[in-house]
Amino acid sequence: MAEIAAVIIAILLGGLLIFLIYRAARTYDAGAHATFITTKGGDFYGALRAPITLWDPSIKVLRDRHAPDITIMTTGADGAQYFEKTLVNRRTGEISLRVHTCAPRPFVARTSDKRSLLIKAKVSFQLDIDRIQIPSQMEAFGATLGARIENLFENAIGELEDQDVFSRQREIESGVLRQLLEMEAQSDPNAATGMPLGIKIYEAMFS
């Protein structure tokens, strides 16, 4: 009887160990700060919105080589060093939902009186969890966002003379922000065209 009891205890302990290992491996700390994209049967299944343990083995989290590639160009605190920043931890599949700053490298914009200005622009944004499949499926999310920021500021500055650019800086920034928001909302057929990128935009600035 003692041997049988020992076997039963060993089986129970082994089962408990397997349970704990499985739960640890399949528990994801999602929330307002981050999400994980899941698939089921190879199809998009949803983004995790709260801490959860995925007990269904058919639900997979996109990670490692399957993780989406979402990067942006940004700058350090000193505003001098530019570098590419990833919003995805490829090892775990965690996607950041925090507010980030996209800052394309400085570019030249020409005013209506043919003056050339070196512009440093930046836009603060965060990924929209309700539309997370858009940036996660794009091959060049960061390049697209950076080019959009550069193009909108170039157009706005190109409508003004050199002497008016900085006196109307807030107006330019507000106009660019409005166009970026409209591209995401797609509510005005007469507004600037551009596919939604699946982001929430909060501020557009230049210097």
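Anything mentioned here points back to the structure above.
No experiment lies behind these values; they were computed from the predicted model shown. (Residues numbered from 1 in each chain as written. Predicted model: local features only at pLDDT ≥ 70, side-chain atom pairs only at ≥ 80, totals over all residues. Heavy atoms only, no water.)

1. A word on the pattern of salt bridges
One side chain can pair with another of opposite charge once the charged atoms of both are near each other.
Step number 1: For the structure shown, the criterion picks out 7 salt bridges.
Step number 2: The shortest N-O distance in the salt bridge between E171 and R168 comes to 2.6 Å.
Step number 3: For E171, a relative accessible area of 48% corresponds to the partly exposed category.
Step number 4: Salt-bridge contacts for E173 lead to R170; the nearest nitrogen and oxygen are separated by 3.0 Å. On the criterion of helical spacing, the pair formed by E173 and R170 is a turn pair, its members being 3 residues apart in helix α5 (residues 169-185).
Step number 5: Overlapping salt bridges, with partners in common, bring together D128, R131 and E184 in one network. (Salt bridge = Lys/Arg side-chain N within 4 Å of Asp/Glu carboxyl O. Buried < 20%, exposed > 50% of the residue type's maximum accessible area, 1.4 Å probe, protein only. Helix = DSSP H or I, 4+ residues; strand = E, 2+ residues; numbered from the N terminus.)

2. Notes on the side chain of Q126
Step number 1: With respect to the helices and strands, Q126 occurs in strand β14 (residues 121-127).
Step number 2: Judged by relative accessible area, Q126 falls into the buried class, the value being 15%.
Step number 3: If we ignore the near neighbours within four places in the chain, the residues touching Q126 are L97, R98, V99, I199, K200 and Y202. (Contact = heavy atoms within 4.5 Å.)

3. Overview of the sheet that holds strand β6 (residues 59-61)
Step number 1: Strand order across the open sheet formed by 3 strands is β4-β3-β6, with antiparallel pairing between neighbours. One side of each edge strand has no neighbouring strand; the edge strands of this open sheet are β4 (43-47) and β6. Between one strand axis and the next, the sheet turns by 35° as a mean value, whatever way the strands run.
Step number 2: Sheet topology places strand β3 (residues 37-40) next to β6; 3 bridges connect them, and they run antiparallel. Bridging from a neighbouring strand, K40 pairs with I59 of β6. (Pairing = 2+ DSSP bridges. Axes fitted to C-alpha atoms, helices over the stretch in contact; angles between N-to-C directions.)

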